[in-house]
Amino acid sequence: MDLLRFITAGSVDDGKSTLIGRLLFDSKSIMIDHLEALEKQSKNKEDGEIDLALLTDGLRAEREQGITIDVAYKYFATPKRKFIIADAPGHIQYTRNMVTGASNSDLAIILVDARHGVVEQTRRHSIITSLLNIPHVVVAINKMDLVDFSQDVYNNIVIDYAEVAKKLGLKDVRYIPISALNGDNIVAKTAALTWYEGPSLLDILETVELADDIDLEKARFPVQYVIRPQTEELHDYRGYAGKINSGIYKKGDAVTILPAGFSSTIKAIEHNGKEVDEAFAPQSVVIHLEDDIDISRGDLIVKNDNRPKVSNEVEALLCWMDHKALVPGNKYLLQINSKQVRSVVKEVSYKLDVHSLEQIASPETVALNDIVKVTIKTASPVAYDAYQELRTNGGAILIDETSHVTVGACMIQ
Amino acid sequence: MSAYRLDYLDQLESEAIHIMREVAGQFEKPALLFSGGKDSITLVHLALKAFRPGKFPFPLVHIDTGHNFPEALQFRDELAATIGEKLVVRKVEDTIKSRQLTEPKGKFASRNALQTYTLLDTIEEFGFDACIGGARRDEEKARAKERIFSVRDEFGQWNPKLQRPELWNTYNGRISKGENVRVFPISNWTELDIWNYIKRENIALPSIYFAHERTVLEHEGQLIALSEFIQLDDTDSIVTKKVRYRTVGDMTCTAAVESSASGIDDIIREITATKTSERGETRIDDKVSEAAMEDRKKNGYF
């Protein structure tokens, strides 16, 4: 069975948590004891109705404030697919937590309140969706019941959003009118929206084509760990353990080890302790090479037919995620997969304006949640691809060397 | 499905192996917290896949409350011996004595909360910088929020409002002295995923996971094994039933479920049909308050 990871973006008022509650509830994935706990908590509220949002707001502070602070992961399955939901916060203050949830998602559901249409939050969530290059987008126009299921309202929002999508270069965008509260068009299609001819939301989630999302052409294998038993019978055993991030590797393939540039040939591939002729992304394997060369954690084994760029200077779109402002000239650790290297943010060329989607040249400050274009110089060369072309080898994080906190997400260009 | 598309269990397996190898690559003194329950047994199975033919780059560590099921302890010792890996056992009993801790009293008094003291002492004793654990996000709503690399401060505390961003499969394991990281490789697995994997991989489990006759105390709908650790009253209803365990914790805080499931297939059928969550059905320790797990985690609990 296939696995789809998706993120839901929208503020509480857009009905995001209600939508998730509805998906879990209607697919019978809520357990009785959790439902009983919900009923008990909902009684503290005035209207007495079960508040499905309480299902995902797992922290005390979230329940007290009625907002989502951090990503909650929820799981459900239908006979067709398994799903992992990243329920992400919508508030600007917690953007970095949405980025966390978005980074591993195959699909984003962007909720729009039919009464308000495309608003600033919608644009910000869409920017992050585009920035993190989530392959599939579903714009769920919610609360259709509150606009009398009006087709005109729906069409106008679709037109507005299409413009945002075009500006941001979002590729696969679908639209669906829903009412999360009533369950309209969530699991099954509704009689209230006869003019809507498309599938239900769950139908979309079950059938979105995922096969093309993993790149099988550009082979990238970052070495995580070297297995060397050093016992008598395995004296010469030296296996490079890691996960194939993209591509297919076969026994006998000619490979290059980056950034050093050594060449070798694949002698053997082990998967789960057995020798195999080929392995592919995202399998975790052990690779053996014909030549005895110096390879360690952080090195990238690639096939000769398609190579990444190697450089000690990269340009990237950076989402700043620390409360302390970014100071150009400061040194940070840059980590791309298993490779860590010291680096310095040389230049901030522009900041992305969330309202207008325009670029503001040479910004004075870079604060928490700002998205900026930067040039980063690294102490030694790194092997990378453009993030928009190969998500698994173009994303890097910046780590503050003194606090050890992850302060930035880089989408390398 | 394309020939180059992985089944969901293979995807989850690969993700978990990747996380374990990140621990091996990033930390100097990691440990694998092992309880003898199905989730940590699955972790050991994944570690075999991640590191063989090499040795594990970490010992198995068990924090023994003294209230464990004997079947789980026996299984623990046999497994460690079979795979030839180091097992460290530290006892809550000893911490209670040396630190003069007060044991909770009452009918089902549990040492669950006291485990944290022994765990933190053990981390300090060995200087562990990372502890791999078998917690899953589907278990409980506070766990649903936790990162895969979860940083704990020098008091072992989790700060849920200030978690590090965690992007892609890029894990930042850098910490200051005194801090440590709890790592959860099977975060994204559900209870059913675990059982399907155990079936597929033919993983051995302690016998108490399968239906057996047991004399139990029936208390507010929950079945608690008779043992020297619980207090009996004259009015208690003692019955003998065919039961199995859905989770394996302490004898004092884990309830059995009535079941005739003697094999994995039967168990998977029962879990698929069940309407109650794993912890809801079997854990007495979660019932204290709505935020019981969040509070325990903030204090350094696993």
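Residues numbered from 1 in each chain as written. Chains lettered and ligands numbered in written order. Predicted model: local features only at pLDDT ≥ 70, side-chain atom pairs only at ≥ 80, totals over all residues. Heavy atoms only, no water.

Things to note about the domain arrangement of chain A
All names here are of chain A. To keep things clear, this is the line we draw: Those domain boundaries reflect an automatic or database domain assignment. Contacts were defined at the residue level, with two residues in contact if any of their heavy atoms lie within 4.5 Å. Once two parts are put together, the accessible area they lose, assessed with a 1.4 Å probe and summed over both, is termed the buried area. Should a side-chain nitrogen of Lys or Arg be within 4 Å of a carboxyl oxygen of Asp or Glu, the pair is scored as a salt bridge. Put simply, DSSP H or I for four residues or longer makes a helix, DSSP E for two residues or longer makes a strand, and each gets a number counted from the N terminus.
Along its sequence, chain A is organised into domain 1 (2–213), domain 2 (220–303) and domain 3 (309–412). One C-alpha centre belongs to domain 1, the other to domain 3; they are set 29 Å apart. Between domain 1 and domain 3, the residue contacts involve 22 residues of the former and 18 residues of the latter. Buried surface at the junction of domain 1 and domain 3, both sides included, amounts to about 1700 Å², of which 61% is carbon and sulfur. Interface area lost by domain 1 to domain 3 is led by Arg96, Ile127 and Leu131, which between them contribute 38%. The tally of links from domain 1 across to domain 3 stands at zero salt bridges. Taken together, the elements giving at least two residues each to the side of domain 1 that touches domain 3 come down to α4 (95–102), α5 (120–131) and α6 (151–168). Looking at the side of domain 1 that touches domain 3 element by element, the count peaks at six residues for α5.

Details of the packing of aromatic side chains
Where we set the bar: Aromatic contacts are taken between Phe, Tyr and Trp rings whose centres are within 6.5 Å, Trp giving its six-membered ring; a plane angle under 30 degrees counts as stacked, one over 60 as edge-to-face, and the others as tilted. Relative accessibility thresholds used throughout: buried, under 20% of the residue-type maximum; exposed, over 50%; partly exposed, between the two (1.4 Å probe, protein chains only). A positively charged side chain is recorded as over a ring if its NZ (Lys) or CZ (Arg) lies within 6 Å of the ring centre. The angle to the ring normal must also be within 35 degrees.
Tallying each qualifying case throughout the model produces 18 aromatic pairs over all chains. Ring geometry for tyrosine 225 of chain A against phenylalanine 51 of chain B: centres 5.5 Å apart, planes inclined by 80°, an arrangement best described as edge-to-face. With one member in each of two chains, tyrosine 225 of chain A in strand β8 (residues 225–227) and phenylalanine 51 of chain B in helix α2 (residues 38–51) form a pair that bridges those chains. Ring geometry for tryptophan 189 of chain B and tyrosine 197 of chain B: centres 5.0 Å apart, planes at 85°, overall edge-to-face. Judged by relative accessible area, tyrosine 197 of chain B falls into the buried class, the value being 0%. Taking NZ or CZ as reference, arginine 137 of chain B lies 3.9 Å from the ring centre of tyrosine 73 of chain A, over its face.

A look at α4 of chain A
Residue and element names in this part refer to chain A. Burial runs high along α4: eight of the eight residues are buried. Those residues of α4 not exposed but buried are Thr95, Arg96, Asn97, Met98, Val99, Thr100, Gly101 and Ala102. Residues of α4 that are buried in the fold lie against β1 (2–9), β2 (72–77), β3 (81–87), α5, β17 (309–320) and β23 (406–412).

Some words on the packing of helix α6 (residues 191–201) of chain B against helix α7 (residues 264–273) of chain B
Pairs of packed helices are described in terms of their axes, by the angle between the two and the distance that separates them. Residues and elements named next belong to chain B. Counted only if it meets this: Lines fitted to C-alpha atoms define the axes here, with helix axes fitted over just the stretch in contact, and angles between the N-to-C directions of these axes take values from 0 to 180 degrees. Angle categories are assigned with fixed cut-offs, so that under 35 degrees is roughly parallel, over 145 is roughly antiparallel, 65 to 115 is roughly perpendicular, and the rest are oblique. The handedness criterion is simple: a crossing whose near helix is rotated anticlockwise from the far helix by less than a right angle is left-handed, and one whose near helix is rotated clockwise is right-handed. Polar here means any residue other than Ala, Val, Leu, Ile, Met, Phe, Trp, Tyr, Cys and Pro, which are nonpolar, and Asp, Glu, Lys and Arg, which are charged; Gly is therefore polar.
Running from N to C, α6 and α7 point in directions that differ by 165°, and their axes come no closer than 10 Å. In terms of axis orientation, α6 runs roughly antiparallel to α7. In terms of crossing hand, the pair formed by α6 and α7 is left-handed. Judged by residue contacts, Glu191, Leu192, Trp195, Asn196, Ile198 and Lys199 of α6 engage Ile264, Asp265, Ile267, Ile268, Ile271 and Thr272 from α7. Taken together, the residues of the contact of α6 with α7 sort by class into seven nonpolar, two polar and three charged.

What to know about the pattern of salt bridges
What the rule picks out here adds up to 44 salt bridges over all chains. For lysine 16 of chain A, the salt bridge is made with aspartate 87 of chain A, and the minimal N-O distance between the two is 2.6 Å. Remark: aspartate 87 of chain A occurs in strand β3 and lysine 16 of chain A occurs in helix α1 (residues 16–26); sequence separation between them is 71 residues. With respect to class, lysine 16 of chain A is no different from aspartate 87 of chain A; both count as buried. When the shortest N-O distance is used, the salt bridge between arginine 200 of chain B and aspartate 10 of chain B registers 2.9 Å. Linking arginine 200 of chain B in helix α6 with aspartate 10 of chain B in helix α1 (residues 8–26), this pair joins segments that are 190 residues apart in sequence. Residue arginine 200 of chain B is classed as partly exposed on the basis of its relative accessible area, which comes to 36%. Taken together, the shared-partner salt bridges connect Asp10, Glu13, Lys49, Arg200 and Glu201 of chain B into one network.

Let's talk about a nonpolar patch on the surface
Spelled out, the test is: Every patch collects residues that have over 30% relative accessible area and no salt bridge, joining them within 9 Å if they carry like charges and within 5 Å if they are nonpolar side chains (Val, Leu, Ile, Met, Phe, Trp, Tyr). Here, Shrake-Rupley sampling with a 1.4 Å probe gives the accessible areas, and only protein chains in the shown set may cover a residue.
Taken together, the side chains of Leu226, Leu232 and Ile238 of chain B make up a nonpolar region of the molecular surface, amounting to roughly 230 Å² of accessible area. On the basis of relative accessibility, which here comes to 31%, the residue leucine 226 of chain B falls in the partly exposed class.

Considering unusual backbone geometry
Residues other than glycine predominantly adopt negative phi, and peptide bonds predominantly adopt the trans conformation. Here the amide bond leading from leucine 258 of chain A into proline 259 of chain A is cis, since omega sits at 5°, within 30 degrees of zero. Checked against the element boundaries, proline 259 of chain A lands in the loop between β11 (254–258) and β12 (262–271). Cis peptide bonds are those with omega within 30 degrees of zero, and the linkage from arginine 52 of chain B to proline 53 of chain B qualifies with 10°. Tracing the backbone shows proline 53 of chain B in the loop between α2 and β2 (60–64). In this model, asparagine 185 of chain A sits at a positive phi of 65°, which is unusual for a non-glycine residue. For asparagine 185 of chain A, the location among the structural elements is in the loop between β6 (172–177) and α7 (201–207). Assessed through its relative accessible area of 1%, asparagine 185 of chain A is described here as buried. Positive phi, close to 75°, is recorded for asparagine 369 of chain A, a residue that is not glycine.

Some words on the sheet that holds β1 of chain A
Residue and element names in this part refer to chain A. To be explicit about the condition: At least two bridges found by DSSP between two strands are what make those strands a pair.
Overall, mixed pairing links the six strands, which are arranged β2-β3-β1-β4-β5-β6 in an open sheet. Looking along the sheet, the strands with just one partner apiece sit at the ends: β2 and β6. The sheet shows a mean angle of 25° between the axes of neighbouring strands, direction not considered. Examined bridge by bridge, β1 and strand β4 (residues 107–113) share four bridges and lie parallel to one another. Note on β4: the bridge partner recorded for threonine 8 is isoleucine 109. In the packing of α6 onto the sheet, contacts are made with β4, β5 (136–142) and β6, and the angle to β6 comes to roughly 160°.

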